[in-house]
Amino acid sequence: MSAVTAGPSTPPAAVLCGLAGWVPPRVVTNEQLARRLGTDEAWIRTRTGIRRRHVVDTGQATSDLAVEAGRRALASAAADSVDAVVVATATPDRACPATAPATAARLGLTGAAAFDVSAVCTGFVYGLASAAGLIAAGVAERVLLIGADTYSTVVDPLDRANAVLFGDGAGAVVLRAGHPGEQGAVGHFDLGSDGAHEDLITIAAGGSRQRSGPGEPGHRERHFAMRGKEVYRHAVRRMAESARTTLSRAGWKTDDVDHFVPHQANLRILHSVADDLGLPRERCLTHVEDVGNTGAASIPLALADAAARGAVRPGDRLLLTAFGGGLTWGSCLLTWPGLPGPDHPHHEGERKTP
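Being a predicted model, the structure only gives us computed values, none of them experimental.

1. Re the environment of Thr245
With respect to the element layout, Thr245 can be found in helix α7 (residues 228-250). Each C-alpha atom of the pair Thr245 and Ala177 lies 25 Å from the other, and the pair is 68 residues apart in sequence.

2. Examining the sheet that holds strand β5 (residues 113-117)
If you walk across this open sheet you meet the nine strands as β5-β4-β6-β7-β1-β8-β13-β12-β11, and the pairing is mixed. Because the sheet does not close on itself, it has two edges, and the strands there are β5 and β11 (259-262). In this sheet, neighbouring strand axes are inclined to one another by 25 degrees on average, regardless of whether the strands run parallel or antiparallel. Helix-sheet contacts for helix α4 (residues 99-106) involve β4 (84-88), β5 and β6 (142-150), and the interaxial angle to β5 is about 135 degrees. Contacting β1 (13-22), β4, β5, β6, β7 (168-178), β8 (185-193), β12 (317-324) and β13 (328-335), helix α5 (residues 123-136) crosses the sheet at an angle of about 125 degrees to β8.

3. Quick look at the pairing of β4
By the criterion of burial, β4 is predominantly enclosed, with five of the five residues buried. Alternating residues of β4 divide into Ala84, Val86 and Ala88 and Val85 and Val87, and every residue in both groups is buried. The pairing of β4 with β5 spans five bridges and is parallel. For Val85, the partnering residue across the bridge sits in β5 and is Ala114. In the classification by handedness, the crossover that spans β4, the intervening α4 and the parallel β5 is right-handed. Taken together, the five bridges between β4 and β6 define a ladder with parallel strand orientation. Residue pairing for β6: Val87 is matched across the bridge by Ile146.

4. Examining the nonpolar core
Of all hydrophobic cores here, the largest spans 45 residues; its most connected members are Tyr151, Phe260, Val273, Leu277, Leu319 and Phe323. Among the elements of the structure, α1 (30-37), α7, α8 (267-277), β12 and β13 are those that each provide at least two residues to this core. Sorting elements by how many residues they give to this core places α7 first, with eight residues. Apart from residues lying up to four places away in sequence, Tyr151 is in contact with Ala90, Thr91, Val120, Cys121, Phe166, Gly167, Asp168, Phe224, Thr294 and Gly295. Ranked by size, the runner-up nonpolar core spans 38 residues in total, among them Val86, Val125, Val261 and Ala307.

5. Some remarks on the confidence of the model for the chain
Across the chain, pLDDT averages 93, with 94% of residues at or above 70. Low pLDDT, under 50, characterises residues 1-7; the predicted model gives this stretch ten contacts beyond four residues in sequence or across chains. Per-residue pLDDT stays below 50 along residues 347-354; that stretch engages in 20 contacts with residues further than four places along the chain or on separate chains.

6. Here we look at the packing of aromatic side chains
Going through the model one piece at a time under the given rule, you end up with three aromatic pairs. Ring geometry for Tyr151 versus Phe224: centroids 5.7 Å apart, planes at 90 degrees, classification edge-to-face. Placement of Tyr151 in the loop between β6 and β7 and of Phe224 in the loop between α6 (208-211) and β10 (225-226) is noted, with a sequence separation of 73 residues between them. Taken together, the ring pairs connect Tyr151, Phe166 and Phe224 into an aromatic cluster. Sitting above the plane of the Trp43 ring, Arg160 keeps its charged end 4.2 Å from the centroid.

Rules used throughout
- Residues numbered from 1 in each chain as written.
- Predicted model: local features only at pLDDT ≥ 70, side-chain atom pairs only at ≥ 80, totals over all residues.
- Heavy atoms only, no water.
- Helix = DSSP H or I, 4+ residues; strand = E, 2+ residues; numbered from the N terminus.
- Pairing = 2+ DSSP bridges.
- Axes fitted to C-alpha atoms, helices over the stretch in contact; angles between N-to-C directions.
- Contact = heavy atoms within 4.5 Å.
- Buried < 20%, exposed > 50% of the residue type's maximum accessible area, 1.4 Å probe, protein only.
- Right-handed = clockwise from strand over helix to strand, strands pointing away.
- Core = buried A, V, L, I, M, F, W, Y, C linked by side-chain atoms within 4.5 Å.
- pLDDT = per-residue confidence, 0-100.
- Phe/Tyr/Trp six-rings, centres within 6.5 Å; stacked < 30°, edge-to-face > 60°.
- Lys NZ or Arg CZ within 6 Å of the ring centre and 35° of its normal.

Next up, the structure:
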């Protein structure tokens, strides 16, 4: 692809200049889950592709993970200030206020614009579009975007279908104003939703719909619920369609994609989307094996892991795509920049649950 030179009529592009991931040190293995749920490790592994996941300790919240990932991303970008902080999450610290202002304050970024994006597992892609819009509009020169979720706080630990899928984590990027043709530039988005299927992925309790109704919510209403088979079909179709739309807008062909980075839901969905697109599975960057489905954190965690392993090189062309509750979906393209090697998104002192 030829470089595009920004001129007087060309708005600035969002350029990736910092990256980091963070997962809590507590590890839950398939064997531990198998004992709790009365199943076996092989069933979990073959069904999901997941070997283990990380979960927060008692008292830890989404903002704690967001702050750690954000701090490391700022260090990666050699930045001590930004104009805006965006936190993509479906598990905020509180229903009110948003998690982003407190995260910004703890990072020493008081005064920066700060808000949450709630698009469930599509949150990071929606957040990228929001950050790119702030930069293109001249509202911000530099944005810290964090995807963070603590699904262990909302998934029923005895839910055999969902407890094996989800983990906790945070991934963050720093974006700066730059030129559309330079390495690191983010562009050519596709975003969509279909609220007619809002009941496929839900937490029924806690919102105004439940609070304005009679009675108190039961155990089931307080926890994450997902109709897995229907979600699988929607996820594969919506991500593949969105990815094709994005490629078409950029004038890219499938062969132009060096790395495919889908939302890390489970390995079966990732491979199904890659197969649908005609992309070799080896081009699919995966991190779900070691951290599970981390919601809005999954794509930046996969990027940080790939960067730490040296799996991506400057100039590589990446296709990102995601699907989440709402229903929501989205895709975008990214040309990989030259970044200092980020820390691996695992805590050095990883420990297993007793």
